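Structural features, examined
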Amino acid sequence: MKTFTALLALFSAAGALAAGGATSQPRASLATVYSSCVNNKQAALTFDDGPYLWLNDISKFLVAAGGKGTFCFNGNNWACIYDTDSQNRVKYAYAHGHQLVSHTWSHPISIPVHNEMWRIEQALERIVGVSPAFMRPPYGNYNNLVLEVAKQRNQSVIMWDLDTGDSLGASVAQSEKVYSDAVAKNPRNILALNHETYSGTAETIVPYAIKLLQSKGYQLVTVAECLGGLAPYQWTAPPQTPDPSWTC
Ligand SMILES: *[C@@H]1O[C@H](CO)[C@@H](O)[C@H](O)[C@H]1NC(C)=O
Ligand SMILES: [Zn+2]
């Protein structure tokens, strides 16, 4: 801790010198981190760790309610993204207008950055032809290195302001209470963390949250939309043709 404080003091001194006109290294620019939506009366439900078994059900509930969600995909976590079922789920989510976000290739606790980031981006470029403009770090863990690399990769980082706790062992009833407690406070907007890897989330919590949020007048939109209508992707192109190099 002492060393850290000393380092901080050194940094401030360097900053003061730079401000005084001395030459200094330009600071690397960092990706923007979003933890909340911007638009009023919008809720962005995000679903991490797929593509997995219950993606299509989550999509069906959202679409039936006239809504959209955001899927933060891994390449090789609960399933391999190049399995036929996984590829079909990615295509299904994209075809139904949900936003696709990078959640790194293998979901490491700390990101050995570029390596974890390009591989999932490549998978999304291959399967549906999109280059994601957003990434969500696994466990919400990031530091300046992650933000520098995300910036170099032209991505913003998305966190959340409501955690349903589904991946932390919360029961379905507890996750529902997270939503009802939040909505009772009339927030301007909600950016909620869910995981598509739990059947309770897909089959029970999602329909509950959709009904509750809509009854209070919240529109169910993608993260890019609730941030004021940002571009979800850096670019889009036709999907590519699978070949034997598409492996996990
Ligand atoms: C960076 O991403 C934005 C969308 O967030 C896109 O409009 C822009 O063209 C991208 N730049 C490059 C160099 O790909
Ligand atoms: Zn995750």
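Within each chain, residue numbers correspond to sequence positions counted from 1 in written order. Written order determines the labels here, with chains lettered from A and ligands numbered from 1. Only residues with pLDDT of 70 or above have their local features reported here, since the model is predicted, and side-chain atom pairs are shown and tallied only from 80 upward, although totals for entire chains, interfaces and linings are computed over all residues. Calculation of side-chain values draws on the structure's entire complement of heavy atoms; hydrogens and water are dropped beforehand.

**Notes on the site of ligand 1**
In these notes, residues near a molecule or strand are those with any non-hydrogen atom within 4 Å of it. Residues in contact with ligand 1, as listed here, are Ala-133, Asn-154, Ala-231, Tyr-233 and Gln-234. Whenever two N or O atoms come within 3.5 Å, that pair is a polar contact, provided that in protein one can donate a hydrogen and the other can accept it, and provided that, for residues adjacent in sequence, both atoms are side-chain atoms. The separation between an oxygen atom of ligand 1 and a polar side-chain atom of Asn-154 is 2.3 Å.

**Thoughts on the coordination of the zinc ion (ligand 2)**
For a metal with four tetrahedral donors the ideal donor-metal-donor angle is 109.5 degrees, while six octahedral donors give ideal angles of 90 or 180 degrees. Bound to the zinc ion (ligand 2) are the protein donor atoms Asp-49 (OD), His-103 (NE2) and His-107 (NE2), situated 2.0 to 2.1 Å from the metal. With water omitted from the atoms examined, metal sites may look incomplete; donors here are N, O and S atoms no farther than 2.8 Å from the metal, or 3.2 Å in the case of Na, K and Ca. All donors of the zinc ion (ligand 2) come from a single chain, and their spacing in sequence reads D-x53-H-x3-H. Buried residues are those whose accessible area, probed at 1.4 Å on protein chains only, stays under 20% of the maximum for their type, while exposed residues exceed 50% and partly exposed ones sit between those limits. The exposure class of His-103 is buried, given its relative accessible area of 1%.

**Digging into the confidence of the model for the protein chain**
Averaged over all residues, the pLDDT of the protein chain is 91; the fraction at 70 or higher stands at 90%. Every residue is assigned a pLDDT by the predictor, reflecting its confidence on a scale from 0 to 100. Contact criterion: two residues are considered in contact whenever any of their non-hydrogen atoms come within 4.5 Å of each other. Taken together, the stretch residues 1-22 has pLDDT below 50 and engages in two contacts with residues farther than four places along the chain or on a different chain.

**A closer look at the packing of helix H4 (residues 113-127) against helix H5 (residues 144-152)**
For the pair H4 and H5, the least separation of the axes is 10 Å and the interaxial angle reads 40°. It follows that H4 is oblique to H5 by the angle criterion. Between H4 and H5 lies a crossing whose hand is right-handed. Facing Val-113, His-114 and Met-117 of H4, the residues of H5 in contact are Leu-145, Val-146, Val-149, Ala-150 and Gln-152. For the contact of H4 with H5, the per-class residue count stands at six nonpolar, two polar and no charged. Only the contacting stretch of a helix is used when fitting its axis, a line to C-alpha atoms as for every element, and angles between N-to-C directions run 0 to 180 degrees. Only DSSP runs of H or I covering at least 4 residues are called helices, and only runs of E covering at least 2 are called strands; the numbering of each starts at the N terminus. Under this scheme an angle from 65 to 115 degrees is roughly perpendicular, one under 35 degrees roughly parallel, and one over 145 degrees roughly antiparallel; angles in between are oblique. Throughout, a crossing is termed right-handed when the near helix is turned clockwise from the far one, and left-handed when it is turned anticlockwise from it by less than a right angle. Polar here means any residue other than Ala, Val, Leu, Ile, Met, Phe, Trp, Tyr, Cys and Pro, which are nonpolar, and Asp, Glu, Lys and Arg, which are charged; Gly is therefore polar.

**Concerning unusual backbone geometry**
With omega at 5°, the peptide bond leading from Gly-50 into Pro-51 counts as cis. On the secondary structure map, Pro-51 appears in the loop between strand S2 (42-50) and helix H2 (55-64). For Asp-49, which is not a glycine, the phi torsion comes out positive at approximately 80°. Within the element layout of this structure, Asp-49 appears in strand S2. On the basis of relative accessibility, which here comes to 8%, the residue Asp-49 falls in the buried class. The backbone of Thr-104 shows a phi angle near 75°, a positive value even though the residue is not glycine. Position of Thr-104 relative to the elements: it lies in the loop between strand S4 (99-102) and H4.

**Some words on the state of the cysteines**
We call a pair of cysteine sulfur atoms a disulfide whenever their separation is within 2.5 Å. Here the structure, examined in full by the defined rule, presents two disulfides. The disulfide partner of Cys-37 is Cys-226, and the gap between their sulfur atoms is 2.1 Å. Given an S-S torsion of about -75°, the disulfide between Cys-37 and Cys-226 has left-handed geometry. Taken together, the positions of Cys-37 in the loop between strand S1 (33-34) and S2 and Cys-226 in helix H8 (residues 223-226) put the pair 189 residues apart, joining distant regions of the chain. Residue Cys-226 is classed as buried on the basis of its relative accessible area, which comes to 0%. A disulfide bridge connects Cys-80 with Cys-248, and the sulfur atoms are separated by 1.9 Å. Across the S-S bond of Cys-80 and Cys-248 the torsion is about 85°, and the bridge reads as right-handed. You can see Cys-80 sitting in the loop between strand S3 (70-73) and helix H3 (84-95) and its partner Cys-248 sitting in the segment after strand S11 (233-236), a full 168 residues away along the chain. Looking at Cys-80, the relative accessible area reads 13%, which means it is buried. Taking relative accessible area as the criterion, Cys-248 reaches 36% and is therefore assigned partly exposed. When the bonded cysteines of the protein chain are counted from the start of the sequence, the pairing works out to 1-3, 2-4.

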